[in-house]
Amino acid sequence: QVQLVESGGGLVQPGGSLRLSCAASGFLFRAYPMGWYRQGPGKQRDLVAHITSGGITHYSDSVKGRFTISRDNPKNTVDLQMNNLKPEDTAVYYCNIPQRETSWGQGTQVTVSS
């Protein structure tokens, strides 16, 4: 009964910023790593950032230096701060538990366009 609700997406110009949020429930949130994934048009869904239960972060090369993942264990949320957005960042963004992706939320659309 893992439940994941993503929010915060929208339309932004290249170079702009967005902050995504994921509200999680149905599991012991603080004990698990959490990740942000994205799926662009005609592409597979890929992990772009994840954070361990202890707060150690990892990023894909495509977003490193621009995106920051963070978590708030008392609130059961994980956020993704996205800066200097590029058109290639356009995708539906999802959160989930790495290597334990039993189900997916609706995701939130991020569109980067001038």
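The structure contained in this document is the topic of the report that follows. Predicted model, so just to flag it, every value in this text is computed and none were measured. (Residues numbered from 1 in each chain as written. Predicted model: local features only at pLDDT ≥ 70, side-chain atom pairs only at ≥ 80, totals over all residues. Heavy atoms only, no water.)

**Side note on the state of the cysteines**
Where we set the bar: Disulfides are defined as pairs of cysteine sulfur atoms found within 2.5 Å of each other. We count a stretch as a helix when DSSP gives it H or I for four or more residues in a row; a strand needs E for two or more, and each element gets its number in order from the N terminus.
Within this structure, the stated rule accounts for one disulfide. Bridging C22 to C95, the disulfide has an S-S length of 1.9 Å. Taking the torsion about the sulfur-sulfur bond, which here is approximately 65°, the covalent link between C22 and C95 counts as right-handed. Here C22, found in strand β3 (residues 18-25), pairs with C95, found in strand β9 (residues 91-96); they are 73 residues apart in sequence, far enough to count as distant.

**Comments concerning the environment of S103**
Under the convention used in this document: Residues count as neighbours in contact if any of their non-hydrogen atoms are within 4.5 Å of one another.
Here S103 lies in the loop between β9 and β10 (108-112). Taking the C-alpha atoms as reference points, S103 and Q1, separated by 102 residues in sequence, lie 8.9 Å from one another. Once residues within four sequence positions are removed from consideration, S103 is found in contact with V2, L4 and N96.

**Things to note about unusual backbone geometry**
A positive phi angle, close to 55°, is found at N76, a residue other than glycine. Mapping N76 onto the fold places it in the loop between β7 (67-72) and β8 (77-82). Positive phi is not limited to glycine here, since N84 has a value of about 50°. By the element assignment, N84 lies in the loop between β8 and β9.

**Observations concerning the packing of aromatic side chains**
Rule in force here: Pairing of aromatic side chains here covers Phe, Tyr and the six-membered ring of Trp, requires ring centres within 6.5 Å, and sorts the geometry by plane angle: under 30 degrees stacked, over 60 edge-to-face, intermediate tilted. Exposure classes here rest on a 1.4 Å probe applied to the protein chains alone. A residue is buried below 20% of its type maximum, exposed above 50%, and partly exposed in between.
The tally for this structure, following the rule as stated, stands at four aromatic pairs. Relative to Y32, the ring of F27 lies with its centre 5.8 Å away and its plane at 80°, an arrangement referred to as edge-to-face. A relative accessible area of 15% means that F27 is categorised as buried. Grouped by ring-pair contacts, the aromatic residues F27, F29 and Y32 constitute a single cluster.

**Section: the sheet that holds β9**
Operational definition: Paired strands are those between which DSSP finds at least two bridges. Each axis is a line fitted through C-alpha atoms, taken for helices only over the stretch in contact, and angles between the N-to-C directions span 0 to 180 degrees.
With mixed pairing, six strands are arranged side by side in an open sheet as β2-β10-β9-β4-β5-β6. Edge positions in the sheet fall to β2 (10-12) and β6 (57-59), since each has one partner strand and no second. The mean inter-strand angle of the sheet, taken between neighbouring strand axes irrespective of direction, is 25°. Both strand β5 (residues 46-51) and β6 contribute to a ladder of three bridges, which runs antiparallel. Opposite I51, over in β6, you have T57 as the bridge partner.

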